[in-house]
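So you can see what is in the structure, the chains are spelled out below.
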Amino acid sequence: MAKKVFNPGTILSPVPAVMVSCGSGEDANIITIAWIGIVNSDPPMTYISVRKERHSYDIIKNSGEFVINLVNENLTFAADWCGVKSGRDFDKWKEQKLTKAEASVVKCPIIKESPLSLECKVKDIIELGSHDMFLAEIVSISADESIVDEKNAIRLDRAKLVAYNHGHYFPLKRTEIGRFGYSVMKPKTRKRYEAEKNAERRRYSRNKNKR
């Protein structure tokens, strides 16, 4: 297949669209960010990249902490709105009817409506150009009970998450096409895995119907 060459640009997709809460009390704000990722496993570390002119930039820089709140289908409108409006002009919590919930480690609130929230402590700020990168350690995770199974495992496949794909929001497909290592899985292991997966689907369906 022939390929056409383009000038360099930020077209790596899809990426998460997340709502980052920061500040505390009346100064608490929300900024929607797609320039985000995981950079280390032990300790668990992440980053967000923020323009200096954004209202949340100084809040995060001065406090040294923030919360990454994952966005599901129900939060997509609010996430988009919080990404185009400034906290200098609006109380985003009030405007989008979002609920502040107390975090377990950091002082800034988590968004109660988010299925999963990652509390983060800033370890370094790296100037890159248009954006500065806040390199941070994940110090706590809060997950909605609806995405925690009977084995106390977080099930993000139940969260109805969305991805940001070159300017557009898309729901993540919920039908699994594989898991890490499935390309080298032995036939016996694959058979057992498929049986476990089918049993889990039936169990989840029964529990869902009981609600």
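Quick notes on the rules
Residues numbered from 1 in each chain as written. Predicted model: local features only at pLDDT ≥ 70, side-chain atom pairs only at ≥ 80, totals over all residues. Heavy atoms only, no water. Pairing = 2+ DSSP bridges. Helix = DSSP H or I, 4+ residues; strand = E, 2+ residues; numbered from the N terminus. Axes fitted to C-alpha atoms, helices over the stretch in contact; angles between N-to-C directions. Patch = residues over 30% accessible without salt bridge, like charges linked within 9 Å, V, L, I, M, F, W, Y side chains within 5 Å. Areas by Shrake-Rupley, 256 points an atom, 1.4 Å probe, with all protein chains shown as cover. Salt bridge = Lys/Arg side-chain N within 4 Å of Asp/Glu carboxyl O. Buried < 20%, exposed > 50% of the residue type's maximum accessible area, 1.4 Å probe, protein only. Contact = heavy atoms within 4.5 Å. Core = buried A, V, L, I, M, F, W, Y, C linked by side-chain atoms within 4.5 Å. Polar contact = N/O pair within 3.5 Å; in protein donor to acceptor, adjacent residues only side chain to side chain.

A. Fine view of the sheet that holds strand β10 (residues 132-143). Pairing is antiparallel across the open sheet formed by seven strands, whose spatial order is β3-β2-β6-β9-β10-β5-β4. The strands lining the two open edges of the sheet, one partner per strand, are β3 (29-33) and β4 (36-40). The sheet shows a mean angle of 35 degrees between the axes of neighbouring strands, direction not considered. The sheet contact formed by β4 and strand β5 (residues 45-50) spans four bridges and is antiparallel.

B. Spotlight on a nonpolar patch on the surface. Residues Ile-141, Ile-154 and Leu-156 make up a contiguous nonpolar surface patch of about 250 Å² in total accessible area. Looking at the element boundaries, Leu-156 is found in the loop between β10 and β11 (162-165).

C. Examining the pairing of β11 more closely. Two elements, strand β1 (residues 15-16) and β11, share two bridges in a ladder whose sense is antiparallel. Bridging from a neighbouring strand, Val-15 pairs with Tyr-164 of β11. Of the strand pairs in this sheet, β11 and strand β12 (residues 168-171) are connected by four bridges, and their pairing is antiparallel. Within β12, the position partnered with Tyr-164 by the bridge is Tyr-169. Linkage of β11 to β12, two consecutive antiparallel strands, is achieved through a turn of two residues, within which His-166 is found at a positive phi near 50 degrees.

D. Up close: helix α2 (residues 76-84). Along α2, the positions that sit buried rather than exposed are Thr-76, Ala-78, Ala-79, Trp-81 and Cys-82. Where α2 is buried, its residues contact β2 (18-22), β3, α3 (92-95), β11 and β12.

E. View of the nonpolar core. Core analysis: the biggest nonpolar cluster contains 23 residues, and Val-20, Ile-33, Ile-48, Phe-66 and Ile-68 have the highest contact counts within it. Contributions of two or more residues to this core are made by β2, β3, β5, α1 (55-63), β6 (65-70), β9 (116-127) and β10. Counting residues in each nonpolar core, the second largest holds 13 residues, with Ile-30, Leu-75, Ala-79 and Cys-82 among its members.

F. α1, seen in detail. Taken as a whole, α1 has its buried residues at Ser-56, Tyr-57, Ile-59 and Ile-60. Buried positions along α1 lie against β2, β3, β5, β6, β9 and β10.

G. Geometry of the pattern of salt bridges. According to the stated counting rule, one finds six salt bridges in the structure shown. Here the salt bridges share partners, and the residues they tie into one network are Lys-52, Glu-127 and Asp-132.

H. Fine view of the side chain of Ser-117. Among the structural elements, Ser-117 can be located in strand β9. Polar contacts involving the side chain of Ser-117 include one to the side chain of Asn-69, which spans 2.7 Å. Excluding residues within four positions of it along the chain, Ser-117 makes contact with Val-67, Ile-68, Asn-69, Ile-110, Ile-111, Ser-140, Ile-141 and Ser-142.

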